[in-house]
Each structure stands twice: as C-alpha cells, then as structure tokens.
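Summary of structural features
The residues making up each chain are set out below.
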Amino acid sequence: MKKVILLTTGTLTDEDYQNLEISNYKKKQIQFEIWNFKFLYNLRVKNKKINCEVILSNFKHFKELIIKNKRHNPLFDVRTNFNLDSLKIFYYLTKYNCRFILHVGSLEGDLPENKKSFNFTHKIKSFFSNKLLLFVKNKFAFIFFKLNLHKLYKLKNADFVYVMGKKTYKNLKVIPLIGPDTKIVKGHHRNYDQYLILKEQKKFKNSKEKFALFIDQGVPMNPDWLKLGLNDVNIDEYYSSLRVFFLKVEKKLDIKIKISAHPRIDPKKIVKYFKEFEIIQGKTLELIYKSKFVISHDSTVLNFAIFLKKPILFIINDSLKNSVHDHLQEIKSFAQHLKKKVVNINKLDFKILKKELFVDNILYKKYIINNFKFAKSNISYSNKLIKILSYKHDGK
C-alpha cells in the first residue's frame, strides 16, 4: 500500500490538521502518518493527539520506524528546516535511501534576497545576554553551512521540491539538498488552499460591524520562540503596551478592536490584559475577511490579509525592540514588500498610522506571485502528493 509520512518538529493545531487534508489520502487508499520530532527541542506543548501521529522518542526510534516501513517505499514529506538540529533526520533518510520532498519555504532563509541587514546593537546584546550558548550555536551553524561542511555527510538530494513562488524558483540552485536530479513540483502555499475554499464556498458574509483585527502571535510565550530559546520579552510590559494602544485606536479611529488569539496558546493567559476587547480563537480567516484592517507584527496569517486585499498595520513596541532577537528587522523585512512602515506604538503618531492604512493592489499581487503561487496553480498540496506517489522510485 502507498504511504505518505509527514516529518515535523513542532506542535500542530486544529488548523494544521485540517490543512493536511487527510481524507484525500484515505479516498485514494493511501496510508498517512505524522512522525513528530518534538524531542529535538524538549517541547512540552501537547498536540491534539490523532491516530495517525507518532511521537518519536529519539533517533533510534526514527531509525527503527524507517526500517519497518521500507516495504511501503513511503514518501517522506519533510516539514522542518535544514539545520544542525535536523541534520540527523536527513542522514537517516540518506542511509536508507528514502524518497522525500522538501518545501522551499522551509529552507529559503539562506536565499541571497533574504539576508538581513547587520544590526550591531542586537549582535552585542545577543552575545552578552543569557542566551550566550544559543548565540555560539547559531554562529557555529552559520559557519558550518557557509563552508558547505554538511556535504561531508554525503546527504542525498531531495527527490522532489515543492516550490511556491517565482522568487524561490529562481534561487533553487543555492538551496542545499536540491540538485539536478530533484524533480520540481510547482504549487502554492497551504494558506492559499484555504483562500480558494473560502472563495469557492462563499462561506462568510460581510459584517455590518466595524472592527479592526489584531492577530496575536503570543510572542512572550509562543512555542516557536520557546523552542529557539528566545522568549525574553516581558509578558506584562508587552501586553500592557498593546492594551493602551488599542484603546487609543478605538477612540481616535472610532472603530472596535478584536483579538484573534494564537491557536497554540490558551486565550485565558491574555484575558487579564484585554478585558475591554473580544478575544476569539480558531476563526482567524473569518475575522480577517470581516475586518476593516488588520494589525500584526509579522504573523504568517497576514497572508490571508494580502489574499483578501485588506490594509495591514505593522506594529512593534519597546518590549520587542529590547529583545535579544531583532524583531524590528523581522517585521521590516515583511513590511517592505508592501512598501509599509513599522509603527512603534510606544511612540505613536496617528498621522503616520492613518497613512499606513492603504492597499497597493499591484504590490499585493506581486507579493502573492513571488511568494505564494504560480499562475493556474489551483490543485491542493495533498492532491499533488497523491500524483507524486505514482512516480517510480529509480533506486539511485
């Protein structure tokens, strides 16, 4: 029987499970499993456990499962960055000659266009902080991959690479584990799948209520930041700053603020900071659709705002600016694609804020084509994998 095995290192939300479209595989009598490497980052956040998910205890466990599944010749759908932590994953995929597909989006941090500007202050801050070990590890990783030392492991190239836009397609040659024998699969980002479903079903009606939506990334307690050891943002200062800002926006712009809670963080943890505002979890897409404009830092959920052509207000506060991690540069790198400025809500100027509430249709369209989809790419990712499974493994 044909089989797809998704490899991940993080926690999965209800939305993630929905995006996997597991029912599509069942219809085609294809087995589907999730193997989770949570042990790599000592994650304590619990997934919503489903029958097809295996929580790996160590790499020995991973090796045993690969050997056990060899007779199925499964396709491994790799959803993790290629770095020092995940190097051993690719070592075993190579050792047992496993077929696997990479997502360019998970590797594009090494693309020339994505190099961040050098920020001396943050480099010094990182070095002398209590994150010294992490700083040294990151520097070692940078040198390791810069010198192509990973090639000493003689890792096999990916059998397939899933490309989601023109920008990454043009840079495939500089991405590790992609070679002349790697088959290119052109598609679109999973968020675009959801957008297409929304567009087809006409599921949501326009809201008569006038509100702006804040997409909470839960930075002080976000599982992704905890995993990287970068959770140094003071939770009280961070959320108190946001509360004051939202109250001013409501008064100055005569509009309500609603909060879209992070899917992996219990909303009860932020209620005390947002008593004046409605907090909703699990309905982000619907809320973006109905909102007048969207407020965020650099959440990937902003993709939907771009698809739906909503004005986006990129914000930062002093809590984020004082972090070891350079949040400002991260937000700027997103905002600059849409020719937007990043507003510091602790030094608020409403004249500047109002000027940011615009949509440049040409830039929005360009961003989608460069980063999210190819023309006429309307086939979902699960159906792309189902098609790939019909390819023969050449055994090389």
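Residues numbered from 1 in each chain as written. Predicted model: local features only at pLDDT ≥ 70, side-chain atom pairs only at ≥ 80, totals over all residues. Heavy atoms only, no water.

**Topic: the overall build of the chain**
To keep things clear, this is the line we draw: For helices the rule is a DSSP run of H or I covering at least 4 residues; for strands it is a run of E covering at least 2, with both sets numbered from the N terminus onward. When accessible area is computed with a 1.4 Å probe and restricted to protein chains, residues below 20% of their type maximum are described as buried, those above 50% as exposed, and intermediate ones as partly exposed. The contact definition used throughout considers only heavy atoms, calling two residues in contact when any of these lie within 4.5 Å. Reported accessibility uses the Shrake-Rupley method at a 1.4 Å probe radius. Residues are deemed covered only where the shown protein chains occlude them.
Regarding its fold elements, the chain presents 17 helices and 13 strands. Classification of the 396 residues of the chain by burial places 52% in the buried group. Contacts in the chain between residues at least 24 apart in sequence constitute 73% of all its contacts with a sequence separation of at least 6. Summed over its atoms, the accessible surface of the chain is roughly 21,100 Å², and 52% of this surface lies on carbon and sulfur atoms.

**What about the packing of helix 3 (residues 59-69) against helix 4 (residues 87-95)?**
The test is simple: Lines fitted to the C-alpha atoms define the axes, with helices restricted to the stretch that makes contact. Angles between their N-to-C directions range from 0 to 180 degrees. Oblique is the label for any angle not covered by the other classes, which are roughly parallel (under 35 degrees), roughly antiparallel (over 145) and roughly perpendicular (65 to 115). Helix crossings get a hand from a simple test, with the near helix turned counterclockwise from the far one by less than a right angle marking a left-handed crossing and a clockwise turn marking a right-handed one. Note on residue categories: nonpolar means Ala, Val, Leu, Ile, Met, Phe, Trp, Tyr, Cys or Pro, charged means Asp, Glu, Lys or Arg, and polar means any other residue, Gly included.
Running from N to C, helix 3 and helix 4 cross one another at 25°; their axes reach a closest spacing of 11 Å. The pairing of helix 3 with helix 4 is recorded here as roughly parallel in orientation. Handedness of the crossing formed by helix 3 with helix 4: right-handed. Contact residues: helix 3 offers F59, F62, K63 and I66, while helix 4 offers K88, I89, Y92, L93 and K95. Tallied by class, the residues present in the contact of helix 3 with helix 4 amount to six nonpolar, no polar and three charged.

**Section: the sheet that holds strand 11 (residues 293-296)**
Just so we agree on the cut-off: The rule for pairing is simple: two strands pair if DSSP sees at least two bridges between them.
Taken in spatial order, the six strands make up an open sheet running 10-9-8-11-12-13, and their pairing is parallel. Each of the sheet's edge strands pairs with one partner strand only, and the pair in question is strand 10 (278-280) and strand 13 (342-344). Across the sheet, the mean angle from the axis of one strand to that of its neighbour is 30°, orientation sign disregarded. When strand 11 meets strand 12 (residues 312-316), the two strands line up parallel, connected through three bridges. Bridging across to strand 12, V294 finds its partner in I312. Along the sheet, helix 14 (residues 327-335) makes contact with strand 12 and strand 13, crossing strand 12 at roughly 165°.

**Brief notes about a nonpolar patch on the surface**
Convention followed: Nonpolar side chains (Val, Leu, Ile, Met, Phe, Trp, Tyr) within 5 Å and like charges within 9 Å form the patches, drawn only from residues with over 30% relative accessible area and no salt bridge. Whenever a carboxyl oxygen of Asp or Glu lies within 4 Å of a side-chain nitrogen of Lys or Arg, that contact is scored as a salt bridge.
Together, Y91, L152 and Y153 make up an exposed nonpolar region whose accessible area comes to about 340 Å². Inspection of the secondary structure assignment puts Y153 in the loop between helix 6 (132-146) and strand 6 (160-163).

**Structural notes on the pattern of salt bridges**
Applying the stated criterion across every chain yields a total of nine salt bridges. Between R79 and D77 there is a salt bridge, with the nearest N and O atoms lying 3.1 Å from each other.

**Considerations on the side chain of K310**
In this structure, K310 sits in the loop between helix 12 (302-307) and strand 12. Residue contacts for K310: discarding those within four places in its chain leaves I288, Y289, K290, S291, V294, A305, V359 and Y364.

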